[in-house]
Amino acid sequence: MATSDWRLEGEWIKNCNCAFGCPCDFNALPTQGYCKGTVGMRITKGHFEKTKLDGLVFAATVHFPGALHEGNGQLQPIIDERATPEQREALFNIMSGQNSAEGTLFQILSLIVTKMHEPLFVPIEFEFDKDGRVARMVATGVLETEVEPIKNPVTGEPHRIQVVMPEGFEHRAAEVASANIRSSGAIKFDTKGTHSSLANVVQTPQGVAA
């Protein structure tokens, strides 16, 4: 598969309808038998070939009728409206998976997503505190999600847990938290107190950079 010179470094959110501790990370079935969720990234430093992507945000909503590896997924890209035409093309080139090696995040998504909805270009607010397990992402008129620490059911105190995947294709380590999601685009759903992963990531054509 062809690859190009690109790199994305930044803050990554993955929120879904499953119970805390994403079953996909453990090669287990989704909590409710299907997956509806959202991912988002604020690029602190990035490029595709000569096009710089610093400061932009991109997101997506997804729906898989079963486990992700079974495919038949739907995805709707949501792109920061501030992106220029060149930056939009650059992001789509990365998200397409056609410029990534086999077994990497975007290449895997290209195999398991069979329906791609029209992309949306809207203002996106993005707040992120990984260590505090607090985040917020709002794509105007389409998507809202908030993240807070998981609470101890007896004391109400914040509960901290991490997932470490030395060979992960999405990230190597993430803080696990609690998410609320309201999605009103092509993929509609509403969750409260479901799974969230927060991570600092570096993605390249060869996968996650250590």
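Residues numbered from 1 in each chain as written. Predicted model: local features only at pLDDT ≥ 70, side-chain atom pairs only at ≥ 80, totals over all residues. Heavy atoms only, no water.

For the chain, an unreviewed UniProt entry supplies the name DUF1326 domain-containing protein and the organism Bradyrhizobium algeriense.

> What should I look at first to understand helix H2 (residues 105-112) in this one?
Along an α-helix, a turn takes 3.6 residues, which lines up residues three or four apart on a common side. Those residues of H2 lying buried are Leu105, Phe106, Gln107 and Ile112. Elements that come into contact with the buried residues of H2 comprise strand E1 (6-16), strand E4 (57-64), strand E5 (73-80), helix H1 (85-95), strand E6 (113-116) and strand E15 (188-204). (Buried < 20%, exposed > 50% of the residue type's maximum accessible area, 1.4 Å probe, protein only. Helix = DSSP H or I, 4+ residues; strand = E, 2+ residues; numbered from the N terminus. Contact = heavy atoms within 4.5 Å.)

> Looking at this model, I keep getting lost on the environment of Gly141. Mind explaining?
Relative to the helices and strands, Gly141 is located in the loop between strand E9 (134-139) and strand E10 (143-148). Looking at Gly141, the relative accessible area reads 70%, which means it is exposed. A C-alpha to C-alpha distance of 9.0 Å links Gly141 and Ser183, two positions 42 residues apart in sequence.

> I keep staring at the packing of aromatic side chains and nothing clicks. Help me out?
By convention here, two paired aromatic rings are described through the distance between centres and the angle between planes. In the structure shown here, the tally under the stated rule is three aromatic pairs. Measuring from ring centre to ring centre gives 6.1 Å for Phe92 and Phe121, while their planes differ by 80°; the resulting arrangement is edge-to-face. Pair noted here: Phe92 is in helix H1 and Phe121 is in strand E7 (residues 120-122), with a separation of 29 residues, a long-range link. Taking NZ or CZ as reference, Arg88 lies 3.9 Å from the ring centre of Phe121, over its face. (Phe/Tyr/Trp six-rings, centres within 6.5 Å; stacked < 30°, edge-to-face > 60°. Lys NZ or Arg CZ within 6 Å of the ring centre and 35° of its normal.)

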